[in-house]
Amino acid sequence: LGRRSNGLLYIGAATVTVTRIQEFGINLGYSSSSAAGTGTLVLAESGSLLDSPNAYFRMGATVDSTALVRFSNGVMNISSLLMGVANRTLSDFWMDEATLNSTGDWQMAAAANTTSLFTMAHARSLVSITNGSVSLAVKSNSVSTLVVSNGTFRVPFLDIGSATAGDAGPNGNGELRIHAGTVTVSLATSTGYGMNLGGRAGNTGVVMLTHSAGLLSITNGSRLRLGNSGSAFLVVQGGAARVVGQIRMGESEFSRGGISIYDGRVETKDRLTIGFSGEGVVNLDHPNALLEVGEAIWLGDIASAQTNGSSALNISNGTVRATTPGIDHLVGSYNQTGRCPSVVNLLNGTLELNGGALLLGNRTRGEGTFNMSGGTANVGRITLLGFSSATLAGATGTLAVSGGLLNLGALNTLGTTPGAKSNVWLSGGTIRSTTSFLSNVSITLTNAPGPGLVTFDITDDVVRLSGVISGPGRLRKTGTGLVQLNAVNGYGGTEVAGGILAVQNRTGSGTGTG
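The text that follows walks through the structure, step by step, so that each part is easy to find.

Conventions used here
- Residue indices follow the written sequence of each chain, beginning from 1 at its first position.
- The predicted origin of the model limits local features to residues at a pLDDT of at least 70 and limits the giving and counting of side-chain atom pairs to 80 or more, whereas totals for whole chains, interfaces and linings rest on all residues.
- Only heavy atoms go into the side-chain values, all of them from the structure, while hydrogens and water stay out.
- Helix and strand assignments come from DSSP, with helices taken as H or I runs of at least 4 residues and strands as E runs of at least 2, each series counted from the N terminus.
- Pairing of N or O atoms within 3.5 Å defines a polar contact, subject to two protein rules: one partner must be a possible hydrogen donor and the other a possible acceptor, and residues neighboring in sequence count only if both atoms are side-chain atoms.
- Contacts are assigned to residue pairs that have any heavy atoms within 4.5 Å of one another.
- Strands qualify as paired when DSSP identifies two bridges or more between them.
- Structural elements are reduced to axes, namely lines fitted to C-alpha atoms, with helices fitted over the stretch in contact, and the angle between N-to-C directions of any two is expressed from 0 to 180 degrees.
- Buried Ala, Val, Leu, Ile, Met, Phe, Trp, Tyr and Cys residues form a nonpolar core when they are joined through side-chain atoms within 4.5 Å.
- For the exposure calls, accessible area comes from a 1.4 Å probe over protein chains only, and a residue counts as buried if that area is under 20% of its type's maximum, exposed if over 50%, partly exposed in between.
- Within this scheme a cavity is a closed region of a 1 Å grid, computed over the protein atoms alone, that accommodates a 1.4 Å probe without allowing it to escape, whereas a pocket is open but has protein on both sides within 12 Å along at least five of seven lines; lining residues each have an atom within 4 Å of a point.
- Grid points are joined across faces, edges and corners, and a volume is the space filled by probe spheres set on the points.
- For this classification, the nonpolar set comprises Ala, Val, Leu, Ile, Met, Phe, Trp, Tyr, Cys and Pro, the charged set comprises Asp, Glu, Lys and Arg, and every other residue, Gly included, is treated as polar.
- Here a salt bridge means any side-chain nitrogen of Lys or Arg lying within 4 Å of a carboxyl oxygen belonging to Asp or Glu.
- Put simply, two rings from Phe, Tyr or Trp (the six-membered ring, in Trp's case) pair if the centres are within 6.5 Å, and we call them stacked under 30 degrees between planes, edge-to-face over 60, tilted for the rest.
- Consider the ring centre and the ring normal. A charge sits over the ring if Lys NZ or Arg CZ is within 6 Å of that centre and within 35 degrees of that normal.

**Some points on the side chain of Glu-175**
Consideration 1: Here Glu-175 is to be found in strand β17 (residues 173-178).
Consideration 2: Of note is the side chain of Glu-175, whose polar atom sits 2.7 Å from the side chain of Arg-177.
Consideration 3: When neighbours within four sequence positions are excluded, Glu-175 is seen to be in contact with Leu-136, Ser-144, Thr-145, Leu-146, Ile-160, Val-206 and Met-208.

This is the structure:
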C-alpha cells in the first residue's frame, strides 16, 4: 500500500489472510523505486480480522514514505512488526478497542532519521507478544514512542533507546508512556534483564507513568536496567512500577540512569543499585512518593578502575522503605582505584531501613555520605568505613546532620587504615537512641548549616561516646537516659534538659549549663 502515491485497505466485517511465511507479507509505504506515498490500513468493525501469523508487517519501508494503521476494532495476527524501516519515514500505528497478537520481534524506528508512534487508546486494547521483544529507537537520530493510554501491553522483553538490534550511532530516543494502561514484561530469568533502557552510548530511553491507574510490571524475576551505555530515565508521576528482580542504574562508565518519583511508587523485590559504574540518581519529591526495596540499597557499586561514576538518593519528600529487616545498605562501595562519590540526602520525608545498617564509605576509595537536614530516618546502625580495614585505603565515610530526627541504634567506625577518613558533622536536629550503644567515632559540632545545637534524646538507654567531641557547636541532652562522655572534649557547650550526663574527664562536657 502506498507504492508510488497513496494506498488504502479498509477491512470491515471481513477477513484478510496473508499466507507468506517469514518474509514481508504486509508493506505500508513501500516502493521498489525511489518514490513512495502513504500506505494506510484500517480495521473498523468488531468482526474485522487481519490474519498474517507467519509474515512480517513492515511500515515506512521506502525513503520519505508514510505508513498509517487505524485499528479501531477487530483482531490482527502478525509475526513481527517493523516501523520506520527506511530513512526519513513516518510510521503511526493507532489502536482502540482491538486485539493484536504477535509471535515475533518488533522494531520501532528501525532505520536512522525516522519517527515511529504506536498508541493504545481503549481500556480493552490488548497487545500480546509471545517469544519476541520490542525495541524502540534502535538506530541513530531516530524517535520512537509507545503510548499505552489504556489497555494492556504484554511482551517478554522491552528495549528502549538501546542495543538489541541497534547500531553505534547516537541520538536515538525511545519513550514508553503509560497513562491508565498496563505494561507487563514477562521474561523468565533471575539474572537477565527483562527491560533495558539507554543501551547505546548517545541514545536515551525514557519511561513515564502519568496516571494513578498506570502500571509497569516486570515479572518472573527479571531485572530492570537504566543506562547500560546511554542515558535512561524512569519518571513516575502516578501509578506504580513494580519489578520482581533487581533495578540497576548507570551500568557502565559514562552511562546515566535516573528515577524520579512524584505521586506514585517504585517497587523492587530484590536489590536496588544506584550508580553501578556510571551515574545513578533517584529523586523523591512528593508526600505520596514511595520507593520500596526488598533487599539492599547500594550506591556507587563499582568493580573496576572507572572514574566517572556517581550516585545519589535524594529524598525531598515521600518515603524510602527497605522491607527486609536487619540487612546492610551500602553508600560508596567502590573497591578499585577509581572514584565514585555517593550520597543520601534526606531533606524531608522518611528513610525507613527496618533495623538495617547504613554503611558509609566502603572499600578502596569509596566515598559515602549521609546528609540529613530534615525528615525522619530510622536506621539500626550507621558504620563509617564499613568493611574490613584491609580494603579501606582512601575511603571516606561522612555523616552530616543539620536537622530532622535520626532514630539510631548504633554509631561506629571501622576505619583504621592510613588515609581512610571518618567524618561526623552535627549542627542541628535530634539523634534519638533506639537501644544502648558505645560509639567510637570522633564528632565535630558545627554552627552551620544547622543552628549549631544538636539534641541527643536518650530515653531508657545508655549511650557512651568515646570519640573526641570538638567544634564551636553545642550539645543538648534530653530524655531520661544516660549519655557518657569519655574523651577529652572541647566544644561550644552542653545543656542537660533531662536524664543524666556522665562526664569521665574534666573537660568532657566543654562549657555550658545543666
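After that view of the structure, there is still more to cover.
**Some points on the sheet that holds strand β50 (residues 500-503)**
Consideration 1: As summarised here, the arrangement of the 4 strands in space is β43-β46-β48-β50, forming an open sheet in which the pairing is parallel. Of all the strands in the sheet, just β43 (437-439) and β50 have a single pairing partner and so form its edges. If you compare each strand with its neighbour and ignore which way they point, the axes differ by 15° on average.
Consideration 2: Of the strand pairs in this sheet, β43 and strand β46 (residues 462-465) are connected by 3 bridges, and their pairing is parallel. Residue pairing in the sheet places Leu-438 in a bridge with Arg-464 of β46.

**Here's the deal with the environment of Thr-130**
Consideration 1: The residue Thr-130 is located in the loop between β12 (126-129) and β13 (133-136) in this model.
Consideration 2: Each C-alpha atom of the pair Thr-130 and Leu-146 lies 18 Å from the other, and the pair is 16 residues apart in sequence.
Consideration 3: For Thr-130, the contacting residues outside a window of four places in its chain are Ser-102, Thr-103, Gly-104 and Pro-156.

**A closer look at the nonpolar core**
Consideration 1: In terms of nonpolar packing, the biggest core is built from 106 residues, with Phe-118 and Phe-370 touching the most fellow members.
Consideration 2: For this core, the leading source of residues is strand β7 (residues 66-78), giving 5 residues.
Consideration 3: Those residues in contact with Phe-118 that sit more than four places away from it in its chain are Leu-81, Met-83, Phe-93, Met-95, Leu-100, Trp-106, Met-108, Val-127, Thr-145, Leu-146 and Val-147.

**Observations concerning empty space enclosed by the protein**
Consideration 1: Per the stated rule, a full pass over the model turns up 2 cavities of 30 Å³ or more.
Consideration 2: Lining the largest cavity are Ile-297, Leu-299, Leu-313, His-329, Leu-330, Val-331, Val-344, Leu-351, Leu-353 and Leu-358.
Consideration 3: For the lining of the largest cavity, the secondary structure elements donating two or more residues are β31 (297-299) and β34 (328-331).
Consideration 4: Size it by volume and the second largest cavity reaches roughly 30 Å³.
Consideration 5: Leu-408, Leu-411, Leu-426, Ile-431, Phe-437, Ile-443, Phe-456 and Leu-465 are the residues that line the second largest cavity.
Consideration 6: Along the lines of polarity and charge, the residues of the lining of the second largest cavity split into 8 nonpolar, no polar and no charged.

**Examining the environment of Arg-223**
Consideration 1: Structurally, Arg-223 can be placed in strand β22 (residues 223-226).
Consideration 2: Along the primary structure Arg-223 and Thr-189 are separated by 34 residues, whereas in three dimensions their C-alpha atoms are 8.2 Å apart.

**Notes on the pattern of salt bridges**
Consideration 1: Here the structure, examined in full by the defined rule, presents 12 salt bridges.
Consideration 2: Of the charged contacts, one joins Glu-267 and Arg-242 as a salt bridge, the two residues approaching to 3.4 Å between their closest N and O atoms. On the criterion of sequence distance, the pair formed by Glu-267 in strand β27 (residues 265-268) and Arg-242 in strand β24 (residues 240-243) is long-range, its members being 25 residues apart.
Consideration 3: Judged by relative accessible area, Arg-242 falls into the partly exposed class, the value being 38%.

**Details of the side chain of Asn-228**
Consideration 1: Relative to the helices and strands, Asn-228 is located in the loop between β22 and β23 (231-236).
Consideration 2: Exposure remark for Asn-228: the relative accessible area of 18% places this residue in the buried category.
Consideration 3: Excluding residues within four positions of it along the chain, Asn-228 makes contact with Asn-196, Leu-197, Gly-198, Gly-199, Glu-251, Ser-252 and Ser-255.

**A short note on the packing of aromatic side chains**
Geometrically, a pair of aromatic rings is defined through the distance of the ring centres and the angle of the planes.
Consideration 1: Taken as a whole and judged by the stated rule, the model has 6 aromatic pairs.
Consideration 2: Ring geometry for Phe-71 and Phe-93: centres 6.4 Å apart, planes at 80°, overall edge-to-face. Here the residue Phe-71 occupies a position in strand β7, and Phe-93 occupies one in strand β9 (residues 90-102), the gap between them amounting to 22 residues.
Consideration 3: Look at Trp-106 and Phe-118: their rings are 5.2 Å apart centre to centre, the planes differ by 50°, and that puts the pair in the tilted class. With a gap of 12 residues between them, Trp-106 in strand β10 (residues 106-108) and Phe-118 in strand β11 (residues 115-120) connect regions that are remote in the sequence. Take Trp-106 and Phe-118: they sit in the same class, and that class is buried.
Consideration 4: Of the aromatic side chains, those joined through ring pairs into one cluster are Phe-57, Phe-71, Phe-93, Trp-106, Phe-118 and Phe-153.
Consideration 5: Sitting above the plane of the Phe-24 ring, Arg-58 keeps its charged end 3.7 Å from the centroid.

**Examining the environment of Leu-81**
Consideration 1: Here Leu-81 lies in strand β8 (residues 81-83).
Consideration 2: Separated by 26 residues in the primary sequence, Leu-81 and Ala-55 have C-alpha atoms spaced 9.3 Å apart.
Consideration 3: Beyond its immediate sequence surroundings of up to four residues, Leu-81 is in contact with Phe-57, Met-59, Phe-93, Asp-105, Trp-106, Gln-107 and Phe-118.

No statement about biological role is implied by the geometric values presented.
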